[in-house]
Protein chains: 2
Amino acid sequence: MRVVVLRMGHRIPRDYRVTTHVCLTARAFGAHGVIVSDVVDTKLEETIRKVVRTWGGPFFIETGPPWRKVVEDWLAREGEVIHLTQYGIPLTDVIEELRCSGRDKLVVVGAKKQPREIYELATHNVSITNQPHSEVAALCLFLHFLWRGEELKKEFEGARLKVIPQAKGKKVVRLVG
Amino acid sequence: MRVVVLRMGHRIPRDYRVTTHVCLTARAFGAHGVIVSDVVDTKLEETIRKVVRTWGGPFFIETGPPWRKVVEDWLAREGEVIHLTQYGIPLTDVIEELRCSGRDKLVVVGAKKQPREIYELATHNVSITNQPHSEVAALCLFLHFLWRGEELKKEFEGARLKVIPQAKGKKVVRLVG
C-alpha cells in the first residue's frame, strides 16, 4: 500500500517551518513521499532532500502541481484520498476500513482554510479529534494508526547517520563514507 | 496525574506558528497547560486563550519564566521531567514505567538546539523515533501513549462551539449564549 501526503495551501515564507514539520513527519512515520501543491518551493525541497541524504529513505518531495490535478489523478488510478480535517469522521471509526481496503492512500493536510471542493472530492474526511490543533499532529497520529505502530520500528535505507538511543546526552554514529 | 508541557527556545516571531501548534496539540491531547519559557509572548497567549474560550478547557498558558526554574521547581515538587528528543530512549521502552509511576509530568519540547543541561536535569530523555521530525508530532504521540488513546474521547468544559462529525462538509453547533 503506497501512502503519499499532499500538503495544500502552502505559503512562502509564512508556512516554511510548519510545512517542513509536515514533510519530516510524513517521512519519519512511514509515508513514501510528499507533494506540496500549487507553489514551487526549492528551499523546502532542498531541506527535505538533505534530510533524506543524511538520515535515509526512500522518500520523495515534489512541489508545485495543482492540488486538484494531484487528487483527480490519484482517484483515476483507483487510490483513496483521505482528507484530515477537524470536521470529519473520527479516526477510530474509519481506520479499520482504511487499513483493510489496501488501496493506495493520498493523505491530504491543509495549511489554511481548505476549499470546499476537497471535502467533496475526498474519499474520506477523517478527524483526529474534533478539536482545533495541528496538521502535523493529525498526520502523525493518522499514520501511526494506519501502520498499527509498526512505523516506530522502521529502518531507513542509505542513511549516513544513525542515532544510538541514550538515557542522557546524544550518540550518533556514521554509517557510510 | 498532572501533565504540563514546557516549550523551550521559543523565538518571536520565527516560531510563532510552530509554538501555536505545540500549544494546541498539548490542549487537544489532554495536557493541563503549557509554559513557554524565557520570553513573554502576549500574542501567543491571546491566541491560545481565545481557543480555550471557544472550544473549552480547562487549559492554561503561561509565558516568560526561565526554563531552568520551571524544571527545578517541578522536580522539587516530586514531579518527573520528560524531555522529548531524537536522541533519547524509545517511547515504547519507557511508557509503561511512566504511566505506572503516577507522578506529575512536565513534558519538555525544544524549538531549537537544546542546552546540554536539560538532558542531565530530565528524569527521562525519550525519543519518538530516532529520526528528525517535529516536536508537534512527538508531543502528540507521547500524550497518545501516556493516556492510552483515552484522550481521543476527551470532552472540554465550557466550550461554546462543538463539531458534529460529517462525512462531507462542516457542521458546528453553538452550545451557549
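Refer to the structure presented above.
Presented here is a report on the structure given in the accompanying data block. (Residues numbered from 1 in each chain as written. Chains lettered and ligands numbered in written order. Predicted model: local features only at pLDDT ≥ 70, side-chain atom pairs only at ≥ 80, totals over all residues. Heavy atoms only, no water.)

Focus: the overall build of chain A
Quick note on the threshold: Comment: elements are numbered from the N terminus, with helices defined as DSSP H or I runs of at least four residues and strands as E runs of at least two. Our radius of gyration looks at C-alpha atoms and nothing else; its globule reference is 2.2 Å times the residue count to the power 0.38. For every residue, the accessible area obtained with a 1.4 Å probe (protein chains only) is divided by the maximum for its type, and the residue is called buried under 20%, exposed over 50%, and partly exposed between those limits. Reported accessibility uses the Shrake-Rupley method at a 1.4 Å probe radius. Residues are deemed covered only where the shown protein chains occlude them. Think of it this way: Lys and Arg go in the positive column, Asp and Glu in the negative one, and His and the chain ends go nowhere. We put the charge of a Lys on NZ, of an Arg on CZ, of an Asp on CG and of a Glu on CD.
A count of helical and extended segments in chain A gives 6 helices and 8 strands. Its helices and strands taken in sequence order, chain A reads β-α-β-α-β-α-β-α-β-α-β-α-β-β from the N to the C terminus. For 177 residues, the compact-globule estimate of 2.2 N^0.38 gives 16 Å, and the C-alpha radius of gyration of chain A, at 16 Å, lies within 12% of that figure. Viewed in the frame of its principal axes, chain A has a C-alpha envelope of about 50 × 35 × 30 Å. Taken across its 177 residues, chain A has 58% of its residues classed as buried. A total of about 7700 Å² of accessible surface is found on chain A, and carbon and sulfur atoms cover 51% of it. Counting 28 positive and 21 negative side-chain charges, chain A places the averaged centre of each group 9 Å from the other.

Observations regarding the side chain of A:His10
Residue and element names in this part refer to chain A. To be explicit about the condition: In the analysis that follows, any N or O atom pair within 3.5 Å is treated as a polar contact, provided that within protein one partner can donate a hydrogen and the other can accept it, and provided that, for residues neighboring in sequence, both atoms belong to side chains.
The residue His10 is located in the loop between strand E1 (3-8) and helix H1 (16-28) in this model. A relative accessible area of 6% means that His10 is categorised as buried. Side-chain polar atoms of His10 contact the side chain of Thr19, separated by 2.7 Å.

What to know about the relation of the copies chain A and chain B
Stated formally: Only residues with pLDDT of at least 70 in both copies contribute their C-alpha atoms to the least-squares superposition of the copies. Contacts between residues were defined by any pair of non-hydrogen atoms, one from each residue, lying within 4.5 Å.
Screw-axis analysis of chain A against chain B gives a translation of 0.0 Å along the axis, an RMSD of 0.0 Å, and a rotation angle of 180 degrees. Here the symmetry operator amounts to a two-fold rotation axis. Proximity to the rotation axis, assessed at the C-alpha, singles out A:Ala137 in chain A; its C-alpha lies 2.4 Å from the axis. Of all interface residues in chain A, 100% are interface residues in chain B too; the two copies therefore contact each other through one and the same surface.

Observations regarding the packing of helix H6 (residues 135-146) of chain A against helix H6 (residues 135-146) of chain B
Put simply, the rule reads: All axes here are fitted lines through C-alpha atoms, helices being fitted over the stretch that makes contact, and every angle between N-to-C directions spans 0 to 180 degrees. Working definition: roughly parallel below 35 degrees, roughly antiparallel above 145 degrees, roughly perpendicular at 65 to 115 degrees, and oblique for all remaining angles. The hand of a helix crossing depends on one turn: near helix anticlockwise from the far one by less than a right angle means left-handed, and clockwise means right-handed. Under the scheme applied here, ten amino acids are nonpolar (Ala, Val, Leu, Ile, Met, Phe, Trp, Tyr, Cys and Pro), four are charged (Asp, Glu, Lys and Arg), and all others, including Gly, are polar.
It is at 8 Å that the axes of H6(A) and H6(B) come closest, and there the two elements cross at 50 degrees. When the axis of H6(A) is compared with that of H6(B), the two are oblique. Here the hand of the crossing between H6(A) and H6(B) comes out right-handed. Here H6(A) contributes A:Val136, A:Ala137, A:Cys140, A:Leu141, A:His144 and A:Phe145 to the contact with H6(B), which in turn contributes B:Val136, B:Ala137, B:Cys140, B:Leu141, B:His144 and B:Phe145. Partitioning the contact of H6(A) with H6(B) into residue classes produces 10 nonpolar, 2 polar and no charged.

As for the pairing of strand E5 (residues 105-110) of chain A
Both faces of the sheet carry side chains from a regular strand, because those side chains alternate between them. All names here are of chain A. Spelled out, the test is: Strand pairing follows a simple DSSP-based rule, namely that at least 2 bridges must link the two strands. Handedness rule for crossovers: strands pointing away from the viewer, path from the first strand over the helix to the second running clockwise, crossover right-handed.
The buried fraction of E5 amounts to 6 of the 6 residues, a majority that puts the element mostly inside the structure. What you see with E5 is no split at all: Lys105, Val107 and Val109 on one side and Leu106, Val108 and Gly110 on the other are buried throughout. Alignment of E1 against E5, held across 6 bridges, turns out to be parallel. Within E5, the residue paired with Val4 across the bridge is Leu106. One ladder, built from 4 bridges, connects strand E4 (residues 80-90) with E5; its direction is parallel. Within E5, the residue paired with Ile82 across the bridge is Val107. Crossover connection from E4 via helix H4 (residues 91-101) to parallel E5: handedness right-handed.

Focus on the interface of chain A and chain B
What counts, and what does not: Buried area adds together the accessible area that both of two parts lose upon being put together, with accessible area traced by a 1.4 Å probe. Salt bridge, as used here: a side-chain nitrogen of Lys or Arg that lies within 4 Å of a carboxyl oxygen of Asp or Glu.
Tallying the contact residues gives 48 residues for chain A and 48 residues for chain B. Buried area between chain A and chain B, summed over both chains or domains, comes out near 4400 Å², and the portion from carbon and sulfur atoms is 65%. The largest share of the area that chain A buries against chain B comes from A:Arg17, A:Tyr87 and A:Lys170, three residues that together contribute 15% of it. The interface formed by chain A and chain B includes 0 salt bridges. Only H1, helix H2 (42-55), E4, helix H5 (116-121) and H6 of chain A provide two or more residues apiece to the side of chain A that touches chain B. Here the side of chain A that touches chain B is composed, by residue class, of 25 nonpolar, 14 polar and 9 charged.

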